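Understanding the architecture of this molecule
Below are the chains, spelled out letter by letter.
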Amino acid sequence: MRLLRLVPDDTKFGFLRIRPIAFAISMVVTLATIAGFLLLGLHVGIDFKGGTLVELQAKQGAANMQQLRARLGTVNVGEVQLQEFGGPSLVLVRYGEQPGGDPGQQAALKRVREVVDADYEVRRTEVVGPTVSSELVQMSVVGLILSILAVLIYLWFRFEWQFALGAMVATIHDITVIVFFYVVTQSDFDITSIASLLTIVGYSLNNTVVIYDRIREMLRKHKKMPIDELLDEAINSTLARTTITHMTTFLALLGLFFFGGEVIRGFTASMLVGVLICTYSSLLIAPSILIYFGLKTGGFGAAAPAPAAASTKVKA
Amino acid sequence: MLNIVRWKATLILVTAFVTMLLAAPNIMPQSWVDRLPSALRTHMTLGLDLQGGVHLMVQVDADAVRRERLESLREDIRRILRDARVQILSATFQGNSVVVRLREGQNAELANTELRKIPQPLGGVFSTSGQFDFEVTRQGDIFTVTATDPGLRERISRAVTQSIEVIRRRIDQLGTTEPVIQRQGIDRILVQVPGEKDPERVKGIIGTTAKLEFRLVDQSMRVEEALAGRAPADSVVMYEEVKEGGRVVQQIPYLVQRRVIVSGDELVDAQAAFSAQSAEWIVNFRFNSSGGRKFAQVTQENVNRPFAIILDGKVVSAPVIREPILGGSGQISGRFTAESSANLALLLRAGALPAPLTVVEERTVGASLGADSVAAGTRAAIIGSIFVIIFMFATYGLFGLFANIAVMVNVTMMFGLLSLVGATLTLPGIAGVVLTVGMAVDSNVLIFERIREEARMGRSVIAAIDTGFTKAMGTIMDANVTQFLAAAILFYLGTGPVKGFALTLGLGIITTMFTAITFTRFIVVLWLRWFKPARIPM
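Residues numbered from 1 in each chain as written. Chains lettered and ligands numbered in written order. Predicted model: local features only at pLDDT ≥ 70, side-chain atom pairs only at ≥ 80, totals over all residues. Heavy atoms only, no water.

Here we come to the overall build of chain B. Looking only at helices and strands, one finds 15 helices and 19 strands in chain B. In terms of C-alpha radius of gyration, chain B reaches 34 Å, well past the compact-globule figure of 24 Å for 538 residues. Projected onto the principal axes, the alpha-carbon positions of chain B cover approximately 110 × 60 × 40 Å. Taken across its 538 residues, chain B has 50% of its residues classed as buried. (Helix = DSSP H or I, 4+ residues; strand = E, 2+ residues; numbered from the N terminus. Rg over C-alpha atoms; globule rule 2.2 N^0.38 Å. Buried < 20%, exposed > 50% of the residue type's maximum accessible area, 1.4 Å probe, protein only.)

Mapped onto this numbering, the UniProt entry annotates "domain: Protein export membrane protein SecD/SecF C-terminal" (unreviewed entry) at residues 114-294 of chain A. Between the end C-alpha atoms of residues 114-294 of chain A the distance is 66 Å, and the span holds 82% helix and 5% strand. (UniProt positions renumbered as here; feature names shortened; annotations may be inferred.)

With that settled, the discussion passes to the sheet that holds strand E4 (residues 120-128) of chain A. The strand order E2(A)-E3(A)-E1(A)-E4(A)-E18(B)-E2(B)-E8(B)-E7(B) describes an open sheet built from 8 strands, whose pairing is antiparallel. With one partner strand each, in any of the chains shown, strand E2 (80-84) of chain A together with strand E7 (180-184) of chain B form the two edges of the open sheet. Mean inter-strand twist for the sheet, computed between neighbouring axes without regard to direction, equals 20°. Of the strand pairs in this sheet, strand E1 (residues 51-58) of chain A and E4 of chain A are connected by 8 bridges, and their pairing is antiparallel. Bridge pairing in E4 of chain A links Thr52 of chain A to Val127 of chain A. Along the sheet, helix H4 (residues 101-116) of chain A contacts E1, strand E3 (90-95) and E4 of chain A together with strand E18 (357-365) of chain B; its crossing angle with E4 of chain A, the most-contacted strand, is approximately 170°. (Pairing = 2+ DSSP bridges. Axes fitted to C-alpha atoms, helices over the stretch in contact; angles between N-to-C directions. Contact = heavy atoms within 4.5 Å.)

A separate point is the side chain of Ser443 of chain B. Residues and elements named next belong to chain B. Mapped onto the secondary structure, Ser443 falls in helix H13 (residues 427-456). When its relative accessible area of 2% is taken as the criterion, Ser443 is described as buried. If near-sequence neighbours (up to four positions away) are discounted, Ser443 is found in contact with Ile476, Asn480, Thr512 and Ala516.

One pass over the full model with this rule turns up 33 salt bridges over all chains. As a salt-bridge pair, Glu213 of chain B and Arg215 of chain B come within 2.9 Å of each other at their nearest N and O atoms. Per residue, the accessibility class of Glu213 of chain B equals that of Arg215 of chain B, and both read buried. Between Lys294 of chain B and Glu266 of chain B there is a salt bridge whose closest N-O contact spans 2.6 Å. With Lys294 of chain B in helix H9 (residues 289-301) and Glu266 of chain B in the loop between strand E12 (262-263) and strand E13 (267-275), the pair connects residues that are 28 residues apart, well separated along the chain. Connected through salt bridges with shared partners, the residues Asp47, Glu55, Arg123, Arg124 and Glu126 of chain A together with Glu361, Arg363 and Asp372 of chain B form a single ionic network. (Salt bridge = Lys/Arg side-chain N within 4 Å of Asp/Glu carboxyl O.)

Bringing the domain arrangement of chain B into the picture now. All names here are of chain B. Along its sequence, chain B is organised into domain 1 (6-52 + 367-531), domain 2 (54-61 + 162-363) and domain 3 (63-153). Each of domain 2 and domain 3 was reduced to a C-alpha centroid, and the two centroids are 30 Å apart. Of the residues lining the interface, 6 residues belong to domain 2; the matching set on domain 3 comes to 4 residues. Considering only the surface of domain 2 that becomes buried against domain 3, Asp61, Lys211 and Arg258 emerge as the three largest contributors, covering 65% of it. For the salt bridge of Lys211 with Glu68, the shortest nitrogen-to-oxygen distance reads 3.3 Å. Each residue belonging to the side of domain 2 that touches domain 3 can be placed in one class, and the counts come to 4 nonpolar, no polar and 2 charged. (Domains from an automatic or database assignment. Buried area = accessible area lost by both parts, 1.4 Å probe. Nonpolar A, V, L, I, M, F, W, Y, C, P; charged D, E, K, R; others polar.)

Our next topic: the UniProt feature "transmembrane region" (unreviewed entry) in chain A. Residues and elements named next belong to chain A. On the UniProt side, "transmembrane region" (unreviewed entry) is annotated at positions that read residues 21-46, 136-157, 164-185, 191-213 and 271-295 here. As a span, residues 136-157 carries 100% helix and 0% strand, and end to end its C-alpha atoms are 32 Å apart. Spanning residues 271-295, this segment combines 88% helix with 0% strand, and its end C-alpha atoms are found 32 Å apart.

So, about the domain arrangement of chain A. All names here are of chain A. By the assigned domains, chain A splits into domain 1 (15-42 + 133-292) and domain 2 (51-128). Taking only C-alpha atoms, the centre of domain 1 and the centre of domain 2 are 38 Å apart. The interface of domain 1 with domain 2 comprises 4 residues on the first partner and 5 residues on the second. Where domain 1 packs against domain 2, one counts 1 salt bridge. Residue Arg94 is joined to Asp188 by a salt bridge in which the shortest nitrogen-to-oxygen separation is 2.1 Å. Taken together, the links from domain 1 to domain 2 amount to 1 residue pair in polar contact (both at pLDDT 80 or more). (Polar contact = N/O pair within 3.5 Å; in protein donor to acceptor, adjacent residues only side chain to side chain.)

The next subject is the pairing of E18 of chain B. For E18 of chain B, a buried count of 8 out of 9 residues is recorded, marking the element as mostly surrounded by other parts of the structure. As judged from the 5 bridges shared by E4 of chain A and E18 of chain B, these two strands associate in the antiparallel manner. Among the inter-strand pairings, Thr125 of chain A is bridged to a residue of E18 of chain B, identified as Thr364 of chain B. The sheet contact formed by strand E2 (residues 53-60) of chain B and E18 of chain B spans 8 bridges and is antiparallel. Following the sheet pairing, Gly53 of chain B is matched in E18 of chain B by Val365 of chain B.

Turning to the interface of chain B and chain A, a few remarks are in order. The interface of chain B with chain A comprises 67 residues on the first partner and 71 residues on the second. For the pair chain B and chain A, the summed buried surface comes to about 5900 Å²; carbon and sulfur atoms form 64% of the total. Sorting the residues of chain B by area buried against chain A places Arg363, Phe391 and Asp478 of chain B first, and these three jointly supply 11% of that buried surface. If you look at where chain B meets chain A, you find 9 salt bridges. The residue Arg158 of chain A makes a salt bridge to Asp478 of chain B at a minimum N-O spacing of 2.6 Å. The interface formed by chain B and chain A holds 16 residue pairs in polar contact (both at pLDDT 80 or more) in total. Counting only elements with at least two residues in the side of chain B that touches chain A, the list comes to helix H7 (199-207), E18, helix H11 (367-396), H13, helix H14 (461-493) and helix H15 (496-531) of chain B. By residue number, the principal contributor to the side of chain B that touches chain A is H11 of chain B, which donates 18 residues. Partitioned by chemical class, the residues of the side of chain B that touches chain A number 35 nonpolar, 16 polar and 16 charged.

Checked against the element boundaries, Glu165 of chain B lands in helix H6 (residues 149-174). Placed 185 residues apart in sequence, Glu165 of chain B and Ala350 of chain B show a C-alpha to C-alpha distance of 8.8 Å.

A surface patch of like charges, here negative, comprises Asp10, Asp228, Glu229 and Glu233 of chain A. Residue class for Glu229 of chain A comes out partly exposed when judged on its relative accessible area of 47%. (Patch = residues over 30% accessible without salt bridge, like charges linked within 9 Å, V, L, I, M, F, W, Y side chains within 5 Å. Areas by Shrake-Rupley, 256 points an atom, 1.4 Å probe, with all protein chains shown as cover. Lys, Arg positive; Asp, Glu negative; His and termini not counted. Charge placed at Lys NZ, Arg CZ, Asp CG, Glu CD.)

Moving on, we get to empty space enclosed by the protein. Enumeration according to the criterion identifies 7 cavities of 30 Å³ or more in this entry. Of the pockets and cavities examined, the largest cavity occupies roughly 120 Å³. Considering the residues around the largest cavity, the lining is formed by 13 residues, among which Met139, Ser140 and Ile194 of chain A together with Leu493 and Gly494 of chain B are closest to the centre. Elements represented by at least two residues in the lining of the largest cavity include exactly helix H5 (130-158) and helix H7 (191-221) of chain A together with H14 of chain B. Of the residues forming the lining of the largest cavity, the biggest block, 4 residues, is contributed by H5 of chain A. The residue inventory of the lining of the largest cavity, partitioned by class, reads 9 nonpolar, 4 polar and no charged. Lining the second largest cavity are Val210, Asp213, Arg214, Ser237, Thr238 and Arg241 of chain A together with Leu446, Glu449, Arg450, Glu453, Ala472 and Thr475 of chain B. (1 Å grid on protein atoms, 1.4 Å probe; cavity = no way out; pocket = protein on both sides within 12 Å on 5 of 7 lines; lining within 4 Å. Points joined across faces, edges and corners; volume = space filled by probe spheres on them.)

Take the confidence of the model for chain A next. Residue-level pLDDT values for chain A average 82, and 94% of them are 70 or greater. Across chain A, the element-wise mean pLDDT spans from 40 in helix H11 (residues 307-315) of chain A up to 90 in helix H8 (residues 227-237) of chain A. (pLDDT = per-residue confidence, 0-100.)

The phi dihedral of Gln186 of chain A is positive, around 55°, even though this residue is not glycine. Residue placement: Gln186 of chain A occurs in the loop between helix H6 (161-185) and H7. Accessibility expressed as a relative area gives 30% for Gln186 of chain A, which makes it partly exposed. A positive phi angle, close to 75°, is found at Asn304 of chain B, a residue other than glycine. As for its position among the elements, Asn304 of chain B is in the loop between H9 and strand E15 (307-311).

Right, here's the structure in full:
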């Protein structure tokens, strides 16, 4: 039986050569994210701005959006967003925070339930009050920063400072692109998005670390190889693994995306994008950024057993 | 070395077997599970998003706690000074303080000594914190007693603890299975009631303070006069609400004494009943001995005068005392329906909340949506797994098969661990499982690619496999540790679904490390031993 080979055994792609292009692209995306963030803003879900979400299912047939909109117009909860949600009978109703603090949210939800009760089953309600939402934002940001810092410190101990910084740049890059994805698609950024973001952070680091590991190994072995050649070879020698791993994760996520139900679709969508981004950044950004941080061959691995290498260093 | 010693092999198999055993109850029919010894009845709970239910985050009204604290402080001050025969001109609230002015010519020194007995050290008499619950300052005849911030904080914290107890008792009476009632942060309580469909019902039960008081009706003046002019200092006007179809149609005022004869704390039992005599629903109650004594004394002294039964600041009814109530039991009547009398009895049995609660977050999932989600999640997981299995087999052939077995063992182990800790499986949790599968596959890919590399360099079968495993190990370690760090922080900071995700991922990483390092290796070694292959088939 012949086995599937996505990548030939001995690739020699010049990843480092195209790094100016990659960096330019990433720079453009980063700038676009900042611009989009300022112009369009993130479409923040109720988790972070407070408000109410109600999922309705028509008791019979398809949901009548117009009629529903008219009815909800009578309950005085401000602007109401209606969205079909995975099927003609399912509707997602969203409206913002109500005056009157936390009890105000409760009173509004009761009014909404009353007007839809006859024709719709309430499948799910989420009410996030003003006090909770601001805390969620705070905690999420702290969580993100802390997890990056923890990993940074770990890498610093295990590798060299260039690797720690490089991994951090690559991670922040990946986060930026995901935020870009949320800005462009204007999909809801909520607590689940934070979960997906953190997952991507983990995943991205995982990839970066695998390639960095190989780079470190090669630095110990080849003291005289020019740095860009060495990086290229490290990337190429792990290329098969990179492709296969990302393929499998991608496939598993595709399963979740198409068959996992509407509730986690947003989560898996951003994960899918995340996997693509992580592949890109672990191949093109994370290794080549090491050069900019001044990583050189020959100076790495204090415990190098070969005294010859040490003397070469002295002469050079 | 590629030799696996016997005890190691045994350990690997035993670990895998035990975790599988732990996971098994999840898929067994209930009748089998019931026959298991209790230690083996480990299972995961389905999260609210999967089985439907009500999730509420409630907050203790800190301001009410503070107000109540000051009210009772003022009462204490009045009582203390009255007992010391020091007359006061006024006792007013000012911020977190009560300001007391003495009448002219009163013994200010005596008042000073008495008032300085109020502050108590925080955390009990033997506490060494040096902090007190109150602070007394004096300017001539004016004393200021201030509730300190640490004192108030401790009070709020205690209110939260008490509220949790009360809520637990109330929810338990609803008879639902496995409710979650947990403290969150300083002043919040998380209440999760799986399977409950009606959030309003839960909110109604949690949201009632159920503070019951018996007070005498003040008959020194008519209530209209009190409303028009000034009520006596030790009385207050309270209302009875007459409801029709849930709407308040009339409010009847009563002038009642501030002094509480007996409060709901002294109740030992309450039951709804139907009174054949008056043909209406009532609540029968029984006091403990001290409450019974107080009640007996007051009713003896006040025959033919009305007393008011007050619930959460509203008069329920104000019957006239026909005869002394000596046995310590009585009844509350007052326009009840069968349901409202049963609810009141439930609330009285469970006790009063120390402070009102507000709902700050509410999430409910209908049972049908939950079932849909489970179906969707399972389907997605199966389809995803099939993709992965086929892909791995297509890429690595026999070794792909080994990897697939290892990954399946991995997932089973993961469910075993999740069952062991009694974790709650949520949708994001399922996503965590999928991600773990990705990580587990990655570990195998890392190993296999290394083996391929070594084989290409012309090493023998055994040497290639051995070096492949050894070299991949460092990478697997680094990659998994970074992931684990992220998962740990998520678990620590996250709540609800995020926490569930972090837990599955974290445990998944642990099982991945185990299976990748030991289990795959174990299978490969067995294969080497039994088939003694001349080349690596990948």
